[in-house]
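# A look at the structure
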Amino acid sequence: MTSRANLEQLTWNQIRKEVTTVNPELALIIDKISPSDKYWVAKTTYPYGSNVMEKSLLMLPNSKNLIVPITDASIDSVIREGLGYNLHSNPVSLVLKNSFEIFLPLADRTIPLSGLIYPGQAFGAWRVVNPKKTEHPIFIWDMTAGARSVFMLPKITETKKHMQLKKAYNLTVSPPRSMMEHWEIFRQLAKHPKFKQPWDAEILYFSKSWFDHINDPKWKPLYYYLRDSAWGGSEIWRNQFIWNLFFSLVLQKYEGRPNSYIIDTVKYLLYMGISAFPGLAPAKDNLAGPFLELQRIYAEDYELKNYPPIIMQPQMFNSANSQGCSVYYSLQFPNAPEFKPSSRMRVSLISDLHEIKSLMNYYEQELLSRKFNLETTSLCDLFNKVRYDYFHNGVELLSGIRDSGEIATEDRYFSTTLDGTVHKNFPDRSSFVKGCIRLSHKKDAVQS
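Residues numbered from 1 in each chain as written. Predicted model: local features only at pLDDT ≥ 70, side-chain atom pairs only at ≥ 80, totals over all residues. Heavy atoms only, no water.

Right, let's talk about unusual backbone geometry for a bit. The backbone of Lys-55 sits at a positive phi, close to 50°, despite the residue not being glycine. Within the secondary structure, Lys-55 sits in the loop between strand S3 (51-54) and strand S4 (57-61). Owing to a relative accessible area of 61%, Lys-55 belongs among the exposed residues under this scheme. The phi dihedral of Glu-303 falls on the positive side, at around 65°, and the residue is not glycine. Along the polypeptide, Glu-303 turns up in the loop between helix H11 (291-301) and strand S14 (311-315). (Helix = DSSP H or I, 4+ residues; strand = E, 2+ residues; numbered from the N terminus. Buried < 20%, exposed > 50% of the residue type's maximum accessible area, 1.4 Å probe, protein only.)

Tyr-46, Leu-60, Phe-100, Leu-189, Tyr-205 and Tyr-298 are the most contacted members of the largest nonpolar core, which has 50 residues in total. Among the elements that make up this core, the one with the highest residue count is helix H6 (residues 182-191) (five residues). Once residues within four sequence positions are removed from consideration, Leu-189 is found in contact with Tyr-169, Leu-171, Phe-195, Leu-294, Ile-297 and Tyr-298. Leu-269, Ile-274, Phe-383 and Leu-439 belong to the second-largest nonpolar core, a separate cluster that totals 41 residues. (Core = buried A, V, L, I, M, F, W, Y, C linked by side-chain atoms within 4.5 Å. Contact = heavy atoms within 4.5 Å.)

Overall, antiparallel pairing links the five strands, which are arranged S1-S2-S12-S6-S9 in an open sheet. If you trace the sheet from one side to the other, it starts and ends with strand S1 (6-10) and strand S9 (122-123), each paired once. Bridging between S1 and strand S2 (residues 41-47) involves five bridges; their strand directions are antiparallel. Bridge assignment links Leu-10 to a residue of S2, and that residue is Val-41. Against the sheet, helix H1 (residues 12-22) makes contact with S1, S2, strand S6 (93-97) and strand S12 (200-206), and its axis sits at roughly 70° relative to S6, the strand it touches most. (Pairing = 2+ DSSP bridges. Axes fitted to C-alpha atoms, helices over the stretch in contact; angles between N-to-C directions.)

Next up on the list: the environment of Met-179. Note on placement: Met-179 falls in the loop between helix H5 (159-169) and H6. By relative accessible area, which is 12% here, Met-179 ends up buried. The contact partners of Met-179, leaving out residues within four places of it in the chain, are Val-150, Phe-151, Gln-332, Phe-333, Ser-431 and Phe-432.

Turning our eyes to something else, we now look at the packing of helix H9 (residues 240-252) against helix H10 (residues 260-273). How two helices sit against one another is set out by the angle between their axes and by the gap between those axes. Orientation of H9 relative to H10, taken along the N-to-C sense of each, is 125°, at an axis distance of 12 Å. Put simply, H9 runs oblique to H10. With respect to the hand of their crossing, H9 and H10 are arranged in right-handed fashion. Contacts between H9 and H10 involve Gln-240, Trp-243, Asn-244, Phe-247 and Leu-251 on the former and, on the latter, Ile-263, Lys-267, Leu-270 and Tyr-271. Here the contact of H9 with H10 is composed, by residue class, of six nonpolar, two polar and one charged. (Parallel < 35°, antiparallel > 145°, perpendicular 65-115°, else oblique. Left-handed = near helix turned anticlockwise from the far one by under 90°. Nonpolar A, V, L, I, M, F, W, Y, C, P; charged D, E, K, R; others polar.)

Nothing here speaks to function; it is all geometry.
See the structure below:
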């Protein structure tokens, strides 16, 4: 029951109903323009784990439903020319179904750049709305259908059990040596004909002709919408210089001498608290992948008996919604985008965690003092709204650091699989929860 890659070249009238469902505001704007059939779009379907961009090069299904680079000769010249206007990266795009992840791939981890992109979200318009002057590089990021920064929380490294999966689903990969390697196993499982949960993600690409009317008043509302969407998402980064200045001023009076790794991590945790960067959390639905069936396979075919097959995925902390779920950052799966060479030096996880907690406490003290004139920013009220908890296990815990086993007692998503089953045991020896920081709303720091 595997899904198939596909690309359909459609007119606005053919796709408007689907767009209205996920983004009625954008659909209304386009309806008022009433574009002719000249302005086509490409509704593109990608199976789970498909590469949508590789080093920013767009990947498209060809006439044989094979996913190839946009520059490949098998891609129709009309499609290639119509969708290649954005440096051969993704054109202006709108997610229609499930989700995608844009990330920076590293040897030992991924950096999810903006969390998952869900239905109704438009992106890729930076160069289009500012054609005369842009500093936006081609860069080296990748994009996948569904989550790439995803892994099973309990260990799935047992050779005998992995061989059972390998034979049953024709896997070509060895038992995973790290959490980073789980995704490839998930992807291969989802491609097998016996996989019982078809899953694909759909995205709409706007062709070049949509952006030939920058100075036409009739088309201005569309460009304003795209510009405002891009502008709103860049608020923090346009003020990053000031924020970095604040971080430096605080460090001037800090008694400790944290290394760059500690500083980078603390900055990331602060940005997580204001919804600028994603953390990780247990999957609560199938928007990021066919996780219901993956959990069943690991529970039944792999015979994961002692722990629930909880799957972790990227998740933004919703700072505006006090009913939002907790989000986690692990020193064992770091996804901070700044990684100076010296930052990889480490004495021990527990000492790093304690030093991070100490510096976070100092930032809290300085922010709540109101002496930096940050009243108009989201940082100002961060520590009035967000609670940070620090977890570890297997060692004598330092003051203020809690045992990892308490995570599941306070967050039900660590004991509940997608089929609704509530499990008793929690993999508190998982590497992810050793040196783990939780962000939760102060009003509901304990999840029920």
